[in-house]
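Read off the chains here:
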Amino acid sequence: MPERISTVLERPRPPQSSRPGAIGLPLGLLKTARPRQWVKNVLVVAAPAAAGELFSRHAAVQLALVFALFTAAASAVYLINDARDADADRAHPTKCRRPVAAGQVPVPVAYAVGGLLAVLAPVAAAVLCTPLTAALLAAYVCMQLAYCVSLKHVLVVDLTIVTTGFLMRAMIGGIALDIPLSRWFLITTGFGALFMVSAKRYSEAVQMSASSGKLGATRALLTEYTTGYLRFVWQLAAGVAVLAYCLWAMEAGGSATSGSLLPWRQLSMTAFILAILRYAVFADRGTAGEPEDVVLRDRALAVIGLVWLAMYGLAVANW
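Computed from a predicted model, the values in this text were never measured in an experiment.

Tallying secondary structure elements over the protein chain gives 14 helices and 0 strands in all. The burial tally for the protein chain puts 43% of its 319 residues in the buried class. By element, 68% of the accessible surface of the protein chain is carried by carbon and sulfur atoms, the whole surface being about 17,000 Å².

As structure tokens, then:
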């Protein structure tokens, strides 16, 4: 009897991950592409929406295409980044679950798929969109890969690169549709992005201080910033974004005499400022580490955003 029991106990257990490779590999690649982050690419509609050019079939097709191409380019960067950081991620308590670090996606496969997407996205843009769209997409890929390799370790430059990525998303829709980009639109979008990026870094720095530096391993450059400096950056960016939006709204007009019932564009300044002030509450508390969570979970901010969209839509429609 003891021999029988020992034989049973020594029998090897089945592997914990029994998912077939034919299914596990595609799912791992999809997870590595960060689908949750794709919502950022909705910014490609920003310039056409500001110009009131959203409701034609041509615009809808082009914007859908640009969204897909930008998503492919961003996914390429994520794949290459995770392949490059696989060894470091395996030693991290949470990043070790990433498909590449966990072995679900082999490192050479991640490099190959990422490299293929990085090349195909600009080439497809050159064929299906405009040369300038392809050039912007290629510049985005090159900039983000340089960020992954070295620029993410350079003070201030890291903030600039991430902010520029958001600005490129906002620009590419207008470039694809040959819509002139207002200088106020670019300033508002750029500094609005810098506000959210620096608020995110500030929140991470605050949380790192509260956890005795444990988050320093997640983003090593945070140890080089001071919370006072990051607070200064997001406050400066918020002020410039508000000023630029107000100047744009006043310059664009929108008075009742222009055919609209009310000066919606100018009235939208109130909602825009309230949204900035509301988001700044979370930034000041150090809880703006995940911008998408702040925007989606705070009901007051969501309502303010919807009011702003309604006012802006009425201004564009000239009602």
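Summed over all chains, the structure comprises 11 aromatic pairs. Between Tyr-229 and Phe-232, the ring centres sit 6.5 Å apart and the planes meet at 45°, which makes this aromatic pair tilted. Here Phe-232 and Tyr-229 lie together in helix 11 (residues 227-252), a separation of 3 residues that amounts to about one turn. Looking at Tyr-229, the relative accessible area reads 32%, which means it is partly exposed. In this structure Phe-232 comes out as partly exposed when scored by relative accessible area, which is 47%. Centroid distance Tyr-245 to Phe-272: 4.2 Å. Interplanar angle 5°. Geometry classified as stacked. On the criterion of sequence distance, the pair formed by Tyr-245 in helix 11 and Phe-272 in helix 12 (residues 264-285) is long-range, its members being 27 residues apart. Assessed through its relative accessible area of 4%, Tyr-245 is described here as buried. Look at Phe-272 and you get buried, because its relative accessible area is 15%. Taken together, the ring pairs connect Tyr-245, Trp-248, Phe-272, Trp-308 and Tyr-312 into an aromatic cluster. Here the guanidinium or amino end of Arg-169 rests over the ring plane of Phe-166, the centre of that ring lying 5.4 Å away.

Right, let's get into helix 12. Look at helix 12: 32 Å from first C-alpha to last across 22 residues, which is about the 32 Å you get at 1.5 Å a residue. Taken as a whole, helix 12 has its buried residues at Trp-264, Arg-265, Ser-268, Met-269, Ala-271, Phe-272, Ile-276, Tyr-279, Ala-280, Phe-282 and Ala-283.

The next point concerns the pattern of salt bridges. Taken as a whole, this structure holds 12 salt bridges when the rule is applied. A salt bridge links Asp-293 to Arg-36, with the shortest nitrogen-to-oxygen separation between them at 2.7 Å. With Asp-293 in helix 13 (residues 291-297) and Arg-36 in the loop between helix 2 (21-32) and helix 3 (46-51), the pair connects residues that are 257 residues apart, well separated along the chain. You can call Arg-36 exposed: its relative accessible area is 53%. Here the residues in one salt-bridge network are Arg-34, Asp-82 and Arg-98, joined through shared partners.

Turning our eyes to something else, we now look at the nonpolar core. Among the nonpolar cores identified, the biggest contains 36 residues, and Phe-195, Trp-234 and Tyr-279 are the most heavily contacted of them. Those elements that provide at least two residues to this core are helix 9 (157-176), helix 10 (183-210), helix 11, helix 12 and helix 14 (299-317). Among the elements that take part in this core, helix 11 stands out by supplying 11 residues, more than any other. Leaving out residues up to four positions away in the same chain, Tyr-279 has contacts with Phe-195, Met-196, Ala-199, Ala-288, Pro-291, Val-294, Val-295 and Leu-301.

Per-residue confidence for the protein chain gives a mean pLDDT of 84; residues scoring 70 or more make up 87%. Taken as a whole, residues 1-20 scores under 50 in pLDDT and shows 3 contacts with residues more than four places along the chain or in a different chain.

The next thing to look at is the side chain of Asp-158. Tracing the backbone shows Asp-158 in helix 9. Residues contacting Asp-158, with those up to four places away along its chain left out, are Tyr-147, Leu-151, Lys-152, Arg-201, Leu-221 and Tyr-225.

This paragraph deals with unusual backbone geometry. Excluding glycine, residues mostly have negative phi values, and the peptide bonds linking residues are mostly trans. Residues other than glycine seldom take positive phi values, yet Arg-34 does so here, at roughly 60°. Its place among the elements puts Arg-34 in the loop between helix 2 and helix 3. Assessed through its relative accessible area of 18%, Arg-34 is described here as buried. Non-glycine residue Val-156 carries a positive phi angle of around 70°. Mapped onto the fold, Val-156 is located in the loop between helix 8 (131-149) and helix 9. Owing to a relative accessible area of 38%, Val-156 belongs among the partly exposed residues under this scheme.

Turning to the packing of helix 8 against helix 9, a few remarks are in order. The geometry of helix 8 relative to helix 9 is characterised by a closest axis approach of 10 Å and an angle of 165° between their N-to-C directions. Considering the angle they form, helix 8 stands roughly antiparallel to helix 9. Here helix 8 runs over helix 9; the crossing is left-handed. For the pair formed by helix 8 and helix 9, the contact residues are Leu-132, Thr-133, Leu-136, Leu-137, Ala-139, Tyr-140, Met-143, Gln-144 and Tyr-147 on the first element and Asp-158, Ile-161, Val-162, Thr-164, Gly-165, Met-168, Arg-169, Met-171, Ile-172, Ile-175 and Ala-176 on the second. Among the residues making up the contact of helix 8 with helix 9, the classes are represented as 14 nonpolar, 4 polar and 2 charged.

Cut-offs used in this document
Residues numbered from 1 in each chain as written. Predicted model: local features only at pLDDT ≥ 70, side-chain atom pairs only at ≥ 80, totals over all residues. Heavy atoms only, no water. Helix = DSSP H or I, 4+ residues; strand = E, 2+ residues; numbered from the N terminus. Buried < 20%, exposed > 50% of the residue type's maximum accessible area, 1.4 Å probe, protein only. Areas by Shrake-Rupley, 256 points an atom, 1.4 Å probe, with all protein chains shown as cover. Phe/Tyr/Trp six-rings, centres within 6.5 Å; stacked < 30°, edge-to-face > 60°. Lys NZ or Arg CZ within 6 Å of the ring centre and 35° of its normal. Expected span 1.5 Å × (residues − 1). Salt bridge = Lys/Arg side-chain N within 4 Å of Asp/Glu carboxyl O. Core = buried A, V, L, I, M, F, W, Y, C linked by side-chain atoms within 4.5 Å. Contact = heavy atoms within 4.5 Å. pLDDT = per-residue confidence, 0-100. Axes fitted to C-alpha atoms, helices over the stretch in contact; angles between N-to-C directions. Parallel < 35°, antiparallel > 145°, perpendicular 65-115°, else oblique. Left-handed = near helix turned anticlockwise from the far one by under 90°. Nonpolar A, V, L, I, M, F, W, Y, C, P; charged D, E, K, R; others polar.

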